[in-house]
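What the coordinates show
Chain by chain, the residues:
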Amino acid sequence: MAKLTDRGWHRGTAPDGTGFIRAGYGAPVLLIHGVGMNASIWAPQIELMKNRWDLIAIDILGHGQSPLPPEAASLADYAGQAIRLLDHLGLDAVSIVGHSMGALVGQEIALDAPERVRSLVSLNAVFRRPAGLAQAVRERAAELNGAENPSGTDATIARWFGNPVPDRLVEAARTTRAALQSVNREGYARTYRLFAHADTAHGDRLSGLAVPALFMTGSQDKNSLPAMSAAMARLAPRGRCVVLEGERHMMAIASPDTVTRRIVDFLESNDGASTSARPAMDTAFDAGEFRRALGSFLTGVTIVTAIGPEGEPRGFTANSFTSVSLDPPLVLVCIAKTALGHPVFSTSKCFAVNVLSEEQRAASGVFASKSQDKFSAVEWRFGPTGSPLLAGSVATFDCDMEQLVDAGDHSILIGRVREFSHNSSQPLGYCRGAYVSPGLSQEALAAAPPVMEVGAILEDEGRVLFLETADGFVELPAGRGLGSPGDTRSLRGRLAANAIKAHLGFLFAVWDDAATRTHVYYRGTLDAPHSSDRQVRLVDIDRIAGLNIADAAVRSMLARYVRECREDAFGVYVGNAVEGEVRPLAKPAAMNTSG
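Residues numbered from 1 in each chain as written. Predicted model: local features only at pLDDT ≥ 70, side-chain atom pairs only at ≥ 80, totals over all residues. Heavy atoms only, no water.

1. Things to note about the nonpolar core
Put simply, the test is: In this text, buried Ala, Val, Leu, Ile, Met, Phe, Trp, Tyr and Cys residues form a nonpolar core when linked through side-chain atoms within 4.5 Å. Three exposure classes are used, based on accessible area relative to the maximum for each residue type with a 1.4 Å probe and protein chains only: buried under 20%, partly exposed in between, and exposed over 50%.
Counting residues in hydrophobic clusters, the biggest one holds 98 residues, and the most contacted among them are Leu30, Ile46, Met101, Leu123, Leu209, Met216 and Ile263. In terms of nonpolar packing, the next biggest core, distinct from the first, is built from 24 residues, Val333, Ala336, Ala339 and Val394 among them.

2. A look at the pairing of strand E3 (residues 27-32)
Let me state the cut-off plainly: Counting from the N terminus, the helices are the DSSP runs of H or I reaching at least four residues and the strands are the DSSP runs of E reaching at least two. Only strands joined by at least two bridges in the DSSP assignment are considered to pair. For a crossover, the right-handed case is the one in which the path from the first strand over the helix to the second runs clockwise, viewed with the strands pointing away from the viewer.
The buried fraction of E3 amounts to 5 of the 6 residues, a majority that puts the element mostly inside the structure. Summarising the sheet, E3 and strand E4 (residues 53-58) pair through 6 bridges and their orientation is parallel. Residue Ala27 lies in a different strand from E4, and its bridge partner there is Trp53. A crossover connection joins E3 to the parallel E4 through helix H2 (residues 43-49); in handedness this β-α-β unit is right-handed. Direction of pairing for E3 relative to strand E5 (residues 94-99): parallel, over a ladder of 4 bridges. In the sheet register, Leu30 faces E5, and the bridge partner there is Ile96.

3. Details of the pattern of salt bridges
To keep things clear, this is the line we draw: The term salt bridge refers to a pairing of a side-chain nitrogen on Lys or Arg with a carboxyl oxygen on Asp or Glu at a separation within 4 Å.
On inspection of all chains with the given rule, the structure shows 29 salt bridges. A salt bridge links Glu47 to Lys50; its shortest N-O distance comes to 3.3 Å. Of the residues examined, Glu47 reaches a relative accessible area of 34% and is grouped as partly exposed. Among the salt bridges present, the one from Asp400 reaches Arg418, with a minimum N-O distance of 2.6 Å. Residue Asp400 is found in strand E16 (residues 395-407), and its partner Arg418 is found in strand E17 (residues 410-422); the two are separated by 18 residues along the sequence. In this structure Asp400 comes out as buried when scored by relative accessible area, which is 3%. Using a relative accessible area of 4% as the deciding quantity, one classes Arg418 as buried. The structure contains a network of salt bridges with shared partners spanning Glu71, Glu186, Arg190 and Arg193.

4. Examining the state of the cysteines
Under the convention used in this document: The disulfide criterion used throughout: a pair of cysteine sulfur atoms within 2.5 Å.
This model, assessed by the stated rule, comprises 0 disulfides. The closest cysteine sulfur to the non-disulfide-bonded Cys399 is located on Cys350, 9.2 Å from its own sulfur. Cys399 gets classed as buried once you look at its relative accessible area, which sits at 0%.

5. Describing unusual backbone geometry
Cis geometry is adopted by the peptide bond preceding Pro164, which originates at Asn163 and carries an omega value of 5°. In the segment running from Asp327 into Pro328, the intervening peptide bond is cis, with an omega of 0°. The residue Pro328 is located in the loop between strand E11 (321-325) and strand E12 (330-336) in this model. Not every positive phi belongs to a glycine, and Ser100 is a case in point at roughly 55°. Mapped onto the elements, Ser100 comes out in the loop between E5 and helix H4 (101-112).

6. What to know about the sheet that holds E17
Test applied: Axis definition: a line fitted to C-alpha atoms, over the contacting stretch in the case of helices. Angles run 0 to 180 degrees between N-to-C directions.
Strand order in the open sheet formed by 7 strands is E10-E9-E13-E16-E17-E12-E11, with antiparallel pairing between adjacent strands. Either end of the sheet is taken by a strand with one partner, and the two such strands are strand E10 (313-318) and E11. Along the sheet, successive strands turn relative to each other by an average axial angle of 35°, direction set aside.

7. Observations regarding the sheet that holds strand E7 (residues 213-218)
The test is simple: The contact rule is simple, with two residues in contact once any of their heavy atoms fall within 4.5 Å.
Reading across the sheet, the 8 strands line up as E1-E2-E4-E3-E5-E6-E7-E8 and stay open at both edges, with mixed pairing between neighbours. Taken across any chain shown, the strands that pair with only one partner, and hence form the sheet edges, are strand E1 (10-13) and strand E8 (239-244). Taken pair by pair, the neighbouring strands of this sheet meet at an average axis angle of 20°, ignoring direction. Each of E3, E5, strand E6 (117-123) and E7 touches H4; the most contacted strand, E6, lies at about 155° to it. The strands touched by helix H9 (residues 226-235) are E7 and E8; relative to E7, the strand with the most contacts, the crossing angle is about 170°.

Here it is as structure tokens:
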């Protein structure tokens, strides 16, 4: 193939007729494609990795230039083909990266010939398909007869990329379609029939997988579900799961930079599952942002989640959560040994901590109960480790299990945070056996006299929203009382008039002016892009001091706000327009509800 030769790749054929591509230099890596593809589908990875690795991309049996598999083929036939190629090339041991069917072949090699495999990456692998999905795959396999099937190709593209195909995936879909249209139809049919039944082939064997193994899929892959990768990583002694947000089945060519970076980080580690050799990317956090995310846990209610051995979501309520270290980023949570979920969480490779908001009080109760179907009561998605992340949480920390510590009648789960998120919603508090609210109730404000001024410091990625006045000054959004969107004099009415959608969070300041009028200001966040009206401005926090603000009390409050942003230590101002005190946000003693 001249195009491949022009790239500096070698296109070869082994004595048994196996076609392959070889490029680059360094430690050897065997690339095994999925059903319907061929070795050239790995072109993005070859280009990105060839300067540091010796890459061998194989045409599996019945695909590309390789001969047909037996009519009743097994995974051992495909694994044997790959081992013969390694023998032909004089390679004793390699790392293996397999996609879909290729991931199953890679696992077969690692299980049957572990001395030939240094590490294993399984991309978009299938494992113990749910009944409905298994039936659909097997029905498609039964319909294959080796004949051309354009409608089948269209259906495959729709499953893998969406219908219609998003603009950003058009080129990847075109490449995939070309491979599907060029594949040997009989080779495709024989391979797909095996693939349709091979999802259970390694169910009882993965616990014996000796090599470091990475199981990676996309959150939107409807064929190779995140729960499958999480379950495989849980069973493999040195397994690890990664779920890429928004990615689908063909993520290796749809988002080659992201996927290849994850592969490279894994291959570069001496032991892809050890805590001492984690990729640097796992801890490349902004320390201030990480500290602020941890600070979202005011008095403490969380739901801790993981994936069970059968791929099922598991979770329990706990407020025994705390930060342990910023570098490396570590958190811990405790679980009672008598808890029903203890066997799952004490053996899990990863878990997630979801810090609850006030709106999630009901969820806290559900996950503290012995309900058999807790997750039906909440909206959730798979996080990067495959652990469930709950929608509406104040903060989430998606963790690899760093250490399990035996502590009396509890076990301490110490997690290394792989990814986190946080916002300024009101957290759910718990103290002395009851739920508490950390701030002045907005419901109370709504019932307060309309002469009270209620304002907000609304944040958006390091900027604060201001409104320009007719006389050239700027001011924070404020109004007479909290009010409603239809009351133009109230705070909510002013926000609605300027098409500003915001969420009010913590109470920030309360004071009385000389006329004995009360002023209440909240911190909050913008929920949506603000109006394009020139009277609405977003100002960087570091430039607030230079603004033309008429009210001296507001200027003083904003000076404190800027200072506390830099120090990351917020309090509540209580006093009058001239003097008062800043009271720190207290943290009552946490109570463990993890039993």
